Amino acid sequence: MSEDLTPEAYLVLADHTDEDGSLWRAISVEDGGFVLSGHDTGPGVERVLGCREYEFERRLSAEETTKLRALLLVESAQELVDAVASRFDAIEELEAYLEDHEIDGTFWSQLGE
C-alpha cells in the first residue's frame, strides 16, 4: 500500500525569476507539521553564497505546529497556511516570530553548483 504524500494545505508565497535568477518559497502542512521551504538559483545566489543554487526547509513537529496554530488562533491546516501568508510579509518576520515563541523546528539547507 503506498503512502499518500499530498500536503494537507499548500501555498506558494513567492515564485520570481529575473536576471539575478529565481526565488521560490512555499509553506505547507504535511503529516500534521508546518513546513517552510525555499529554492533559489542563479547569479544573485552566486554573488551572495558563492554557488548558483540554495535550498532550505524549516519543519515544525506536530506539537510545534499545534502551538503555532494556538498562537495564530486557527484550527485547520488551511487556516494556518492562510494566516501565515496574511500575517507575515517576509520569511524573516515568520522566523523571528517562531524564535520569539521558542518554536525551533528543524532546519536543513543545501548549497549546489
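Report on the accompanying structure. Note on numbering: residues in each chain are counted from 1, in written sequence order. Given that the model is predicted, a residue must reach a pLDDT of at least 70 before its local features are reported, and side-chain atom pairs must reach 80 or more before they are shown or counted; all residues, however, enter totals for whole chains, interfaces and linings. Each side-chain value is worked out from all heavy atoms of the structure, with water and hydrogens disregarded.

1. Looking at the packing of aromatic side chains
Then step 1. What counts as a ring pair is set by centres within 6.5 Å for rings of Phe, Tyr and Trp (its six-membered ring), and what kind of pair is set by the plane angle: stacked under 30 degrees, edge-to-face over 60, tilted for all other angles. Tallied over the full model, the rule gives three aromatic pairs.
Then step 2. Taking the centre distance of 5.8 Å and the plane angle of 25° together, the rings of Tyr-54 and Phe-56 count as stacked. The exposure classification of Tyr-54 matches that of Phe-56, with both residues buried.
Then step 3. Seen in terms of ring centroids, Phe-56 and Phe-107 are 6.1 Å apart; in terms of plane orientation they differ by 20°. Their pairing is stacked. Placement of Phe-56 in strand E4 (residues 53-59) and of Phe-107 in strand E5 (residues 106-112) is noted, with a sequence separation of 51 residues between them.
Then step 4. With relative accessibility at 42%, the residue Phe-107 sits in the partly exposed group.
Then step 5. One aromatic cluster is present, formed by Tyr-54, Phe-56 and Phe-107 through successive ring pairs. Using a 1.4 Å probe on the protein chains alone, a residue whose accessible area is under 20% of its type maximum counts as buried, one over 50% counts as exposed, and one in between counts as partly exposed. Starting at the N terminus, helices and strands are each numbered in turn, a helix being any DSSP run of H or I of at least four residues and a strand any DSSP run of E of at least two.

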